[in-house]
Amino acid sequence: MQALLQSQFGGAPRPVPAPAPTPPAPEPQTGDEWPLAARTLIDSLIRENIRLKADIKALTEQVALAEHHADHDVLTPTLNRRAFLRDLGRAMGDGRRYGDPACLIYLDLDGFKAINDTYGHAAGDKALIHIAERLNANVREGDSVGRLGGDEFAILLRHADVSVARSKAQKLEAELNIATFEHQGLYLRVGGSFGVRAYEGQASAEEWIAEADAAMFLVKKSSR
């Protein structure tokens, strides 16, 4: 037969190619590989979320602290001059737009230099803090207390007329005359002279402060 095929078609018979090997079937998954990866990813995202929240909280606290330092006096629990002037400007704006009354009380301490000279600057610092705490304790929410420099303070009373402001100044003067603060076992006292000026369309916050300062000077001069 082979000879016949060779005679008919010539040449040696062609080899038949072997069939391609069948690839091995993939091993069946147990179902644990993907859930484990998913849990790892979720845990990583949770940790990252916690870290980001902590970072945001820390940054928020830093911003709040920076804003506080920018607005407050470095020694006493009061506004600094810049922030107090800003509050005065807002009160003036409300007065112009809505007719809201406001008064400014200017305070210059009496006897502060003697405390500094006799007991030192640490006692002077305690005196300033003592005064600031007394002022803060006697104002309403919405009012402002500021240290304008040295031993000079001011109080902005919103929605208050001159009679209310003068009554407040008299009360504060009486309280300062009896209140004491402690320094190295000694109980010291520092008083003050107050000037009152209502907002009456002053051109600027500095002008309003200057008028209250002048009123205070007259009070101090008359008491000597």
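What counts, and where the lines are drawn
- Residues numbered from 1 in each chain as written.
- Predicted model: local features only at pLDDT ≥ 70, side-chain atom pairs only at ≥ 80, totals over all residues.
- Heavy atoms only, no water.
- Axes fitted to C-alpha atoms, helices over the stretch in contact; angles between N-to-C directions.
- Helix = DSSP H or I, 4+ residues; strand = E, 2+ residues; numbered from the N terminus.
- Parallel < 35°, antiparallel > 145°, perpendicular 65-115°, else oblique.
- Contact = heavy atoms within 4.5 Å.
- Buried < 20%, exposed > 50% of the residue type's maximum accessible area, 1.4 Å probe, protein only.
- Pairing = 2+ DSSP bridges.
- Salt bridge = Lys/Arg side-chain N within 4 Å of Asp/Glu carboxyl O.
- Lys, Arg positive; Asp, Glu negative; His and termini not counted.
- Expected span 1.5 Å × (residues − 1).
- Arc of directions from axis to C-beta.

1. Digging into the packing of helix H3 (residues 81-98) against helix H7 (residues 205-222)
Relative to each other, H3 and H7 sit at 100°, their axes nearing to 9 Å. Compared by their axis directions, H3 and H7 come out roughly perpendicular. Two secondary-structure elements touch here, H3 through Arg81, Leu85, Leu88 and Met92 and H7 through Ala205, Glu206, Trp208 and Ile209.

2. Some thoughts on the pairing of strand E3 (residues 152-158)
Counted residue by residue, E3 has six buried out of seven residues, so it is predominantly covered. Bridge count for strand E1 (residues 102-110) against E3 is seven bridges, and the pairing is antiparallel. Within the sheet, the bridge partner assigned to Cys103 lies in E3 and is Leu157. Between the end of strand E2 (residues 144-149) and the start of E3, which pair antiparallel, lie two residues, with Gly150 showing a positive phi angle near 60°.

3. Considering the pattern of salt bridges
Side-chain pairing between opposite charges can occur once the charged atoms of the two side chains come close. The final tally for this structure, using the stated rule, is 17 salt bridges. Among the ionic pairs, Glu175 bridges to Arg134, the shortest N-O distance being 2.9 Å. Pair noted here: Glu175 is in helix H6 (residues 162-178) and Arg134 is in helix H5 (residues 121-136), with a separation of 41 residues, a long-range link. Looking at Arg134, the relative accessible area reads 24%, which means it is partly exposed. Salt bridges sharing partners connect three or more residues here, namely Asp71, Arg82, Arg86, Asp87 and Arg90.

4. Digging into the side chain of Lys168
Tracing the sequence through the fold places Lys168 in helix H6. Buried and without a salt bridge, Lys168 has Asp143 as its closest oppositely charged side chain, separated by 6.4 Å. Those residues in contact with Lys168 that lie beyond four places of it in its chain are Ile105, Asn138 and Leu157.

5. Quick word on H5
Two residues of an α-helix separated by three or four positions point the same way, owing to the 3.6 residues in each turn. Here H5 spans 23 Å end to end across 16 residues, near enough to the 22 Å set by a 1.5 Å rise per residue. Where H5 is concerned, the buried positions are Ala123, Gly124, Ala127, Leu128, His130, Ile131, Ala132 and Leu135. The secondary structure elements touched by the buried residues of H5 are E1, helix H4 (112-119), E2, E3, H6 and strand E4 (181-183).

6. Here we look at H4
Among the residues of H4, those classed as buried are Phe112, Ile115 and Asn116. Taken around the axis of H4, the buried residues stretch over an arc of 95°, which confines them to a single face. Exposed and oriented more than 90 degrees from the buried face of H4 are Lys113, Asp117 and Thr118. Elements in contact with the buried residues of H4: E1, H5, E4 and strand E5 (186-188).

7. Structural notes on the environment of Ala205
Structurally, Ala205 can be placed in helix H7. Residues Ala205 and Asp87, 118 residues apart in the sequence, show an inter-C-alpha distance of 9.1 Å. With residues up to four places along the chain from it excluded, the contact list for Ala205 reads Leu85, Leu88 and Met92.

8. Let's talk about the pairing of strand E6 (residues 191-198)
Burial runs high along E6: seven of the eight residues are buried. Bridge count for E1 against E6 is eight bridges, and the pairing is antiparallel. Within E6, the residue paired with Leu107 across the bridge is Phe194.

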